[in-house]
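Listed below, chain by chain, are the residues.
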Amino acid sequence: MGISVYNTLNARKEEFKEIHPGEVRMYVCGPTVYDDSHIGHGRAAVMFDVIYRYFQFRGYRVTYVRNYTDVDDKIINRANKDGIPASEIAERYINSYEQDMESLRIRKPSHTPRVSDHIPEIISTIQALIDKGFAYPSAGDVFFSVRKFHAYGRLSKRALDDLESGARVGINEAKEDPLDFALWKAAKPNEPKWESPWGPGRPGWHIECSAMSTKYLGNPFDIHGGGKDLIFPHHENEIAQSEAASGKKMVNYWLHNGFVQVNQEKMSKSLGNILLIRDLLKRYHPEVVRYFYSSAHWRSPIDFAEDNLLQAEETLWRFYQAFLRIEKLGSAEANPAEQNPLSEKLAKLESEFMEAMDDDFNTARVIALFNDFLRLLNQHLDLPKFGKDPAGASLLRKSFQELVRLGEIIGLFQEKPARYTELAKTKAIVIIGLQPEEIEAKIRERAQARLEKKFSVADSIRAELADRGILLEDTKEGTTWNLELKKVHQKQQASGGGK
Ligand SMILES: [Zn+2]
């Protein structure tokens, strides 16, 4: 069995069959660049990054296109408000988005085309639509004639007559039918404009994705993605434009990721609860954020409640603590250990991972699989002799390596365990309210008390630190400290912190 994907077009899971052998061509609608990006943009970026990585892992050559909408009403409004050119606003927020993508460790797509660089392609697509009778110029605008395209509504499962009754008649005198949408908009004052056969103006929103996907991927291509909010009208209009212009099918598989919520509310400007990627990443390691995105199926809604993120942070911490313990076991070569539950599970890990990912990129199942494997790993780490035996240590190391290899596809476990631990400690001591020097001083105080056989004093120092989420570990080389992250989080929430 190959990969199966849920295709919005046919409302069912289907086996993926590529058009060009060994190759996947994929287009995802990128951001309209007029503001910093929020966790909804982050979700689409992360999930399509996972899909991109997985196809590559399965040996496909992937051409991945993600566009920038840098010509749009929202950008123009922002530019006029700030008193600077629209192109400057676009440039600023493309940079901002690219920084966010780098922070989230998103692999660069093959192409990231911008509307403003593709005006000739857009004009020739519009001209082709006019020539074929699917579009008409009207007073400097050009409109797509929706009723001429018979498959309109197939993706969003909407009937034209229902749409008609919903459309507001008479709002635009230039349109022949209220259902028609703009391909080209005549220039207005204080707007960016380009010359065209219909006079100076700028493209409508939908036409860019038809023109750019056709340029980079041809028609038909394999996968088109985006958030569920884009199904109607944006993707419906893309299909109409591309298929009417080329006379060919546009896309075989339409993939739409689910919405994000914040504390079970829809994100909106009016509620003031828009959560920016950059603000979230000030509080959480990017892998925590990626872990959290991947813990839900990409088509389901996901709720950015603080508790959920803290939970993700605690779980990821447990993985890294196991990795840290494994690294300390040393790296002497040894024959593999005898068959045991860990070696049996390790042998199956890749195939179980692939089974989950082949099933419509089910990252939630992968997360569960990894957690089961971690439990087994910790059981073996806790056995008094297992890790001390070179064969046992070797198996533990192989298990760690396998998690790093497979984790990479969803963007996890790529940090050095020692570094991840340091980062978590740096963050936690702020919440705990103790500096590392203060912790070291307490450790020395305790050592002195033990030397003087004042064991109750020593124990109370240990208990006091434990209460604040700091665990002492006595080793041959002396006493070191580590975090009990759950305790740190409890303190953080009790004090109403975390914001
Ligand atoms: Zn688009």
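Residues numbered from 1 in each chain as written. Predicted model: local features only at pLDDT ≥ 70, side-chain atom pairs only at ≥ 80, totals over all residues. Heavy atoms only, no water.

Draft legend 1. Structural view of the overall build of the chain. A count of helices and strands for the chain gives 17 helices and 15 strands. Judged by the C-alpha coordinates and their principal axes, the chain covers about 95 × 50 × 35 Å. Counting every position in the chain, which comprises 499 residues, the buried fraction comes to 53%. Considering only contacts in the chain between residues 6 or more positions apart, those separated by 24 or more positions represent 75%. (Helix = DSSP H or I, 4+ residues; strand = E, 2+ residues; numbered from the N terminus. Buried < 20%, exposed > 50% of the residue type's maximum accessible area, 1.4 Å probe, protein only. Contact = heavy atoms within 4.5 Å.)

Draft legend 2. Structural detail: helix H7 (residues 231-246). Taking 1.5 Å of rise per residue, 16 residues should cover 22 Å, and H7 covers 21 Å from first to last C-alpha, within 8% of that figure. Taking burial as the measure, the 16 residues of H7 include 12 buried ones, the bulk of the element. Those residues of H7 that fall on the buried side of the exposure criterion are Ile231, His234, His235, Glu236, Asn237, Glu238, Ile239, Ala240, Gln241, Ser242, Ala244 and Ala245. The inward-facing, buried residues of H7 abut helix H4 (119-131), strand E6 (141-144), strand E7 (181-186), helix H6 (207-217), strand E9 (221-227) and strand E10 (251-257). Immediately beyond the C-terminal end of H7, within one or two residues, lies Gly247, with a positive phi of roughly 70°. (Expected span 1.5 Å × (residues − 1).)

Draft legend 3. Expanded view of the coordination of the zinc ion. The zinc ion binds to the protein through Cys29 (SG), Cys209 (SG), His234 (NE2) and Glu238 (OE), with metal-donor distances spanning 2.0 to 2.6 Å. One can describe the donor arrangement at the zinc ion as irregular, given that its four donor atoms subtend angles of 75 to 130° at the metal. All donors of the zinc ion come from a single chain, and their spacing in sequence reads C-x179-C-x24-H-x3-E. Note that Cys29 is positioned in the loop between strand E3 (23-28) and helix H1 (39-57) and Cys209 in helix H6, a separation of 180 residues in sequence. (Donors = N, O, S within 2.8 Å, 3.2 Å for Na, K, Ca; no water. Tetrahedral: all angles 85-135°; square planar, octahedral: opposite > 155°, others 65-115°.)

Draft legend 4. Looking closely at the packing of aromatic side chains. Inspection of the entire model under this criterion finds 27 aromatic pairs. Seen from their ring centres, Tyr54 and Phe57 are 5.9 Å apart, and the 25° between their planes marks the pair as stacked. Remark: Phe57 and Tyr54 occur in helix H1; sequence separation between them is three residues, near one turn of the helix. Directly above the aromatic system of Trp481 lies the positively charged group of Lys425, at a separation of 4.2 Å from the ring centroid. (Phe/Tyr/Trp six-rings, centres within 6.5 Å; stacked < 30°, edge-to-face > 60°. Lys NZ or Arg CZ within 6 Å of the ring centre and 35° of its normal.)

Draft legend 5. Structural detail: the domain arrangement of the chain. Per the domain assignment, the segments making up the chain are domain 1 (4-266), domain 2 (315-415) and domain 3 (419-494). Between domain 1 and domain 2 the total buried area reaches about 1300 Å² when both faces are included, carbon and sulfur atoms providing 59% of it. Scanning the region where domain 1 abuts domain 2 turns up four salt bridges. For the pair domain 1 and domain 2, the number of links is 10 residue pairs in polar contact (both at pLDDT 80 or more). When residues of the side of domain 1 that touches domain 2 are traced back to their parent elements, those giving at least two are strand E1 (4-7) and H1. Take the side of domain 1 that touches domain 2: its biggest share by element is seven residues, from H1. A per-class count over the side of domain 1 that touches domain 2 returns nine nonpolar, one polar and five charged. (Domains from an automatic or database assignment. Buried area = accessible area lost by both parts, 1.4 Å probe. Salt bridge = Lys/Arg side-chain N within 4 Å of Asp/Glu carboxyl O. Polar contact = N/O pair within 3.5 Å; in protein donor to acceptor, adjacent residues only side chain to side chain. Nonpolar A, V, L, I, M, F, W, Y, C, P; charged D, E, K, R; others polar.)

Draft legend 6. Summary view of the pattern of salt bridges. If you walk through the whole model with that rule in mind, you get 42 salt bridges. With a closest N to O distance of 2.6 Å, Arg202 and Asp73 form a salt bridge. One end of the pair, Arg202, is in strand E8 (residues 201-203); the other, Asp73, is in helix H2 (residues 73-82), and 129 residues separate them in sequence. According to the relative accessible area criterion, Asp73 is partly exposed, its value standing at 36%.

Draft legend 7. Here's a closer look at the environment of Glu236. On the secondary structure map, Glu236 appears in helix H7. Relative accessible area serves as the criterion here: at 1%, Glu236 is assigned to the buried category. Between the C-alpha atoms of Glu236 and His206, which are 30 residues apart in sequence, the distance is 9.2 Å. Apart from residues no more than four positions distant in its own chain, Glu236 is found in contact with Ala151, Tyr152, Gly153, Arg154, Leu155, Ser156 and Ile231. A distance of 2.9 Å separates a polar atom in the side chain of Glu236 from the backbone nitrogen of Gly153. At 3.4 Å, the side chain of Glu236 and the backbone nitrogen of Leu155 are in polar contact.

Draft legend 8. The nonpolar core, seen in detail. Residues Phe55, Phe304 and Phe361 are the most contacted members of the largest nonpolar core, which totals 105 residues. Top element by residues in this core is H1. It accounts for 11 residues. Not counting chain neighbours up to four residues away, the residues in contact with Phe361 comprise Ile3, Val5, Ile51, Tyr54, Phe55, Leu255, His297, Trp298 and Ala356. Ranked by size, the runner-up nonpolar core spans 42 residues in total, among them Ile126, Val146, Leu155 and Ala240. (Core = buried A, V, L, I, M, F, W, Y, C linked by side-chain atoms within 4.5 Å.)

Draft legend 9. Fine view of H1. Look at H1: 26 Å from first C-alpha to last across 19 residues, which is about the 27 Å you get at 1.5 Å a residue. In terms of burial, H1 is largely enclosed, as 15 of its 19 residues are buried. At the exit of H1 stands Gly59, carrying a positive phi of roughly 95°.

Draft legend 10. Fine view of the side chain of His224. Within the fold, His224 resides in strand E9. Taking the relative accessible area as the measure of exposure, His224 reaches 0% and is therefore buried. A polar contact is formed between the side chain of His224 and the side chain of Glu238, at a distance of 2.6 Å. If near-sequence neighbours (up to four positions away) are discounted, His224 is found in contact with Tyr27, Cys29, His235, Glu238, Met250, Val251, Tyr253, Trp254 and Leu255.

Draft legend 11. Molecular detail of the environment of Gly153. As for its position among the elements, Gly153 is in the loop between E6 and helix H5 (160-166). Expressed as a C-alpha distance, the spacing of Gly153 and Ala240, which sit 87 residues apart in the sequence, is 9.2 Å.

Draft legend 12. Focus on the sheet that holds E8. Taking strand neighbours across the sheet as the criterion, the four strands line up as E5-E6-E7-E8 in an open arrangement whose pairing is antiparallel. Lying at the two open borders of the sheet, with one neighbouring strand each, are strand E5 (135-138) and E8. Looking at each pair of strands side by side, their axes are set apart by 20° on average, direction ignored. (Pairing = 2+ DSSP bridges. Axes fitted to C-alpha atoms, helices over the stretch in contact; angles between N-to-C directions.)

Draft legend 13. Quick peek at the pairing of strand E15 (residues 478-483). One ladder, built from six bridges, connects strand E14 (residues 470-475) with E15; its direction is antiparallel. The residue bridging Glu473 from the neighbouring strand is Thr480, located in E15. Turn length for the E14-E15 hairpin, with the two strands adjacent in sequence and antiparallel, is two residues.

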